[in-house]
Amino acid sequence: MVSETSSSPRSADPRRHPVLKVIGGLFGALAVGIIVLVMIWQWDWFVPLINRKASAALHRPVSIAHLHVSPGLRTSVTVDDLKISQPEGFEKESADFASAKFLTVKVDVWRYLTGRGLFIPVIRMDTPKGDIVSRINGQNNYTFGDTAEKKETSSSSNTTALPDIGEIDIQNADVRLALAQLKTDMHVLVHTTPPQNGTKGNVVVDLKGRYAQAPINGHIVGGALLSLTKPAEPYPIDGRIENGPTYVTLKGTVDDPMHFKGTKLALHFAGPDMSLLYGLTGVPIPHTPAYSITGNLGYSENAIRFQKFEGKMGSSDIGGDINVNPHLKPPFVEAALHSHSVDLADLGGFIGAKTGEAKKTAPPSRSVLPDQKINVPKLNAVNAHVTYHGDHIRNKDWPLDNIDTEFEVRDGAIDLKHLAFATGSGKISATATLQPTKNEQFRTKFRLDVSRLPLSRIMKATDTFKGEGTIGGHVTLTSTGNSVASLVANGDGGTTLVLDRGGDVTALLPDLLGLKLGSAVLSALGIPDRSKLECLVADMPLDNGILKTKSLLLQTETTRTTGTGTVNFHNDTLDYAVTTRATHPQILSLPGAVHIFGPLNGPNILPGAEMIGRVAASVGLGVLFPPAALIPTIQLGVGEGSACERAVQEANTNPAAGIAPGSTTGAGASSVPHPEKQGAAGKPAKHLTPAQVHKAWAQKSKPK
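What counts as what
- Residues numbered from 1 in each chain as written.
- Predicted model: local features only at pLDDT ≥ 70, side-chain atom pairs only at ≥ 80, totals over all residues.
- Heavy atoms only, no water.
- Helix = DSSP H or I, 4+ residues; strand = E, 2+ residues; numbered from the N terminus.
- Contact = heavy atoms within 4.5 Å.
- Areas by Shrake-Rupley, 256 points an atom, 1.4 Å probe, with all protein chains shown as cover.
- Buried < 20%, exposed > 50% of the residue type's maximum accessible area, 1.4 Å probe, protein only.
- Phe/Tyr/Trp six-rings, centres within 6.5 Å; stacked < 30°, edge-to-face > 60°.
- Lys NZ or Arg CZ within 6 Å of the ring centre and 35° of its normal.
- Polar contact = N/O pair within 3.5 Å; in protein donor to acceptor, adjacent residues only side chain to side chain.
- Expected span 1.5 Å × (residues − 1).
- 1 Å grid on protein atoms, 1.4 Å probe; cavity = no way out; pocket = protein on both sides within 12 Å on 5 of 7 lines; lining within 4 Å.
- Points joined across faces, edges and corners; volume = space filled by probe spheres on them.
- Nonpolar A, V, L, I, M, F, W, Y, C, P; charged D, E, K, R; others polar.
- Salt bridge = Lys/Arg side-chain N within 4 Å of Asp/Glu carboxyl O.
- Core = buried A, V, L, I, M, F, W, Y, C linked by side-chain atoms within 4.5 Å.
- Lys, Arg positive; Asp, Glu negative; His and termini not counted.
- Pairing = 2+ DSSP bridges.
- pLDDT = per-residue confidence, 0-100.

Quick notes on the overall build of the protein
Part 1 of the reasoning: Check the secondary structure of the protein and you find 16 helices and 33 strands.
Part 2 of the reasoning: The long-range share in the protein, meaning contacts at least 24 apart out of those at least 6 apart in sequence, stands at 52%.
Part 3 of the reasoning: Roughly 37300 Å² of accessible area belongs to the protein as shown, and the carbon and sulfur atoms make up 60% of that amount.

Below you can see the structure in the form of structure tokens.
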């Protein structure tokens, strides 16, 4: 019994623990399996799964060549040869939608597990590329998913805080932007510089290609990318962009750019024509001469502001403030502009005249009026309220002192509330409305009022003669068209201008007929160098683009000049007869008419037969006869009617402009003479015959 008891433990030990043998075997196998798995493990096994999931999420083929994971408290994940193909409909594009040689993201796992939030110490990209395409029909390759999904994603992104990121490293990025509607095909090249010497590094952006059909080159240096997300740190910007002949520089800082808190930026832009800024700003600006302007650029959540800017535009200075609300559709622009000294030629683009680049490239035009078409799509691009004041007008061709205007653009319609010029003691003012209609035309109503305009200012501007007195009257136009030229060519209305308080006129008649003889010749011929201007009346209706003549009269103390005929703005031609007769016997009696006809910008002037002797005499004296000199005076008005009293009365009773001139010429008694002015000794005035004129000129032409 003792032996059985003593031998029992030795023989029963293996049989009592069979489970231990199984467990031991399993642990051993697991250990061997883990060792083998570690030896043969490849993260690339997950590549097919990642490709399928990413392709489904982005709605286009996505592939990565390799996946690398370095587990740890800071886990690093790297993908090699990332490729995102073009979506359906863009397969013919030569490049992938996006790609990168590798993309690395490091995540602080321990910080996340301990509840301190998601921290990404590093995001690193090597040679990322993109190909962003938008076609003329609006179809693009950068819209992901359907509209509802996009809105949901956008809403989610607005409420989700960005993770804490330590560093973003981008090397050799190249993104192509091909945007057909903007007529743009350019490359955006991006790289970052590493932090050093206590700085956080920079992001550097270079632009190359074409933007808005013009070559673009740009170099922009900003602060570290991550500084964009830090509200307490002003974000620095220093850049220069050249778009065709236009260039822009921008330098300063932005406060909390993600939330539009404010800026301290100096903006300078310059170029040959402000209209070329449309591609960069989206704000339509008329053609201008060369400009250079500097100001302060700022923005808030509701507005972009260009404040306290000053500069030059042509030979004029320009300054003011511009505010843009980009959130309205269309955007709203409010501008308060001013000039201390302005040349009106620099503002020609605002009425359709060609200035700046448009003037250089414009084909020859027969039109004497501005024929630049009003661009309806550009007007529809913004709503605007603009005021402008020029303190001093500096232009010898315009008898004006200053300019003040206010206008609005709303839904493509233009409302010129006022355009006023001071002229010594007088004033010229205008109002107009242009309402868009079909075929990009504008239904237009225009009114010009002239009040107490000093004749001396006009005469000084034309260098023709000196005079005193004031002019008043009105011009009206109702029409449909798309340029100043077409509006006048299609228009109805009229012009009624009256001068009935005269003054001295230097050599009026010879200048009027283009004889430009000069004081020495005038003295030799015995022609007085002063004549008394007694009245000027121009009462001319406009009927479907043809300016007709009801009354056109200019009278001095020695002559009376009348005119009749038409100006056709359909083809810019005129057909006019101007007759000047002496009010008493003298050498200047010209009993025949001068026929003026042909194109407005180069008319023919054909004198009557009785003029031949006089013209021959002037040529014999070596005097040039320039017909073109006649035109500026003709445009002032030379008249029809037997006397000033009658002409003024008719203009007030039935004015062609539809508005009587009334008292617009000034207060006081009229100097209008009696219709039948008497000659010397109370005898009626007599006219010289053509033979007498020829004889007198022959006598004057004989050498002494």
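Regarding the environment of phenylalanine 306
Part 1 of the reasoning: Within the fold, phenylalanine 306 resides in strand E16 (residues 304-313).
Part 2 of the reasoning: We classify phenylalanine 306 as buried; its relative accessible area is 9%.
Part 3 of the reasoning: Every residue in contact with phenylalanine 306, bar those within four places of it in the chain, is listed here: Leu267, Phe269, Ile293, Thr294, Gly295, Asn296, Leu297, Gly320, Asp321 and Ile322.

As for the packing of aromatic side chains
Part 1 of the reasoning: Using the criterion set out here, one finds four aromatic pairs in the structure.
Part 2 of the reasoning: Aromatic pair phenylalanine 269 and phenylalanine 306: ring centres 5.5 Å apart, planes at 45°, arrangement tilted. Of this pair, phenylalanine 269 sits in strand E14 (residues 262-271) while phenylalanine 306 sits in strand E16, placing them 37 residues apart in sequence.
Part 3 of the reasoning: Judged by relative accessible area, which is 12%, phenylalanine 269 ranks as buried.
Part 4 of the reasoning: One aromatic cluster is present, built from ring pairs that chain together Phe269, Tyr291, Phe306 and Phe309.
Part 5 of the reasoning: Its end group placed over the ring of phenylalanine 97, arginine 60 keeps NZ or CZ at 4.8 Å from the ring centre.
Part 6 of the reasoning: Sitting above the plane of the phenylalanine 90 ring, arginine 135 keeps its charged end 4.0 Å from the centroid.

Quick look at the side chain of threonine 78
Part 1 of the reasoning: Following the sequence through the fold, threonine 78 ends up in strand E3 (residues 74-84).
Part 2 of the reasoning: A relative accessible area of 14% places threonine 78 in the buried class.
Part 3 of the reasoning: A polar atom in the side chain of threonine 78 sits 2.9 Å from the side chain of threonine 104.

Considering helix H3 (residues 47-58)
Part 1 of the reasoning: Here H3 is 12 residues long and its end C-alpha atoms lie 16 Å apart, about the 16 Å a rise of 1.5 Å per residue gives.
Part 2 of the reasoning: Following H3 by one or two positions, histidine 59 has its phi on the positive side, about 60°.

Points about the layout of surface pockets
Part 1 of the reasoning: Here the second largest pocket is characterised by a volume of approximately 530 Å³.
Part 2 of the reasoning: Surrounding the second largest pocket, 17 residues form its lining, Lys183, Ala212, Gln213, Tyr278 and Gly279 being those nearest its centre.
Part 3 of the reasoning: Class assignment for the residues of the lining of the second largest pocket results in seven nonpolar, eight polar and two charged.

Regarding the pattern of salt bridges
Part 1 of the reasoning: For the coordinates displayed, the defined rule picks out 10 salt bridges.
Part 2 of the reasoning: Note that aspartate 108 and arginine 74 form a salt bridge whose closest N and O atoms lie 3.6 Å from each other. With aspartate 108 in strand E4 (residues 98-108) and arginine 74 in strand E3, this pair connects stretches of sequence that are 34 residues apart.
Part 3 of the reasoning: Owing to a relative accessible area of 11%, aspartate 108 belongs among the buried residues under this scheme.

Digging into the nonpolar core
Part 1 of the reasoning: Counting residues in each nonpolar core, the largest one holds 33 residues, and the members touching the most others are Val567, Phe569 and Tyr576.
Part 2 of the reasoning: Discounting chain neighbours no more than four positions away, the residues touching phenylalanine 569 are Leu369, Val488, Ala489, Leu542, Gly545, Leu547 and Leu600.
Part 3 of the reasoning: Membership of the second largest hydrophobic core comes to 27 residues, among which are Ile318, Val342, Ile428 and Leu536.

Some details on the side chain of aspartate 317
Part 1 of the reasoning: With respect to the secondary-structure elements, aspartate 317 resides in strand E17 (residues 316-325).
Part 2 of the reasoning: Of the buried charged residues, aspartate 317 lacks a salt bridge, with lysine 312 as the closest side chain of opposite charge at 5.7 Å.
Part 3 of the reasoning: For aspartate 317, the side chain forms a polar contact with the main-chain nitrogen of histidine 340, separated by 2.7 Å.
Part 4 of the reasoning: Within polar-contact distance, the side chain of aspartate 317 engages the backbone nitrogen of serine 341 at 2.8 Å.
Part 5 of the reasoning: Contacts of aspartate 317, omitting those with residues within four sequence positions, involve Gly311, Lys312, His338, Ser339, His340 and Ser341.

Overview of unusual backbone geometry
Part 1 of the reasoning: A cis geometry characterises the amide bond from lysine 329 onward to proline 330, with omega recorded as -5°.
Part 2 of the reasoning: Mapped onto the fold, proline 330 is located in the loop between E17 and strand E18 (332-342).
Part 3 of the reasoning: The phi angle at threonine 127 is positive, at roughly 55°, despite the residue not being glycine.
Part 4 of the reasoning: Here threonine 127 lies in the loop between strand E5 (119-126) and strand E6 (129-134).

What about the environment of isoleucine 64?
Part 1 of the reasoning: Position of isoleucine 64 relative to the elements: it lies in the loop between strand E1 (62-63) and strand E2 (66-70).
Part 2 of the reasoning: Judged by relative accessible area, isoleucine 64 falls into the buried class, the value being 9%.
Part 3 of the reasoning: Expressed as a C-alpha distance, the spacing of isoleucine 64 and aspartate 80, which sit 16 residues apart in the sequence, is 6.0 Å.
Part 4 of the reasoning: If sequence neighbours within four positions are ignored, isoleucine 64 has contacts with Val47, Ile50, Asn51, Val79, Asp80, Asp81 and Leu82.

Things to note about the environment of isoleucine 596
Part 1 of the reasoning: Relative to the assigned elements, isoleucine 596 resides in strand E32 (residues 593-599).
Part 2 of the reasoning: Look at isoleucine 596 and you get buried, because its relative accessible area is 0%.
Part 3 of the reasoning: Each C-alpha atom, one on isoleucine 596 and one on threonine 573, is 10.0 Å from the other, the two residues being 23 residues apart in sequence.

What to know about the pairing of strand E23 (residues 442-454)
Part 1 of the reasoning: Pairing of strand E22 (residues 426-436) with E23, which is carried by 10 bridges, proceeds in the antiparallel orientation. Paired with threonine 433 across the strands is lysine 445, a residue of E23.
Part 2 of the reasoning: Hairpin connection of E22 to E23: five residues between the antiparallel strands, including asparagine 439 at a positive phi of 60°.
Part 3 of the reasoning: Here 11 bridges tie E23 to strand E24 (residues 470-481), and the two strands are oriented antiparallel to one another.

Quick notes on the confidence of the model for the protein
Part 1 of the reasoning: Per-residue confidence for the protein averages 74 on the pLDDT scale, and 67% of its residues sit at or above 70.
Part 2 of the reasoning: Taken together, the stretch residues 153-159 has pLDDT below 50 and engages in zero contacts with residues farther than four places along the chain or on a different chain.
Part 3 of the reasoning: Across residues 609-643, confidence stays below pLDDT 50; counting only partners more than four residues off in sequence or on other chains, it has 82 contacts.

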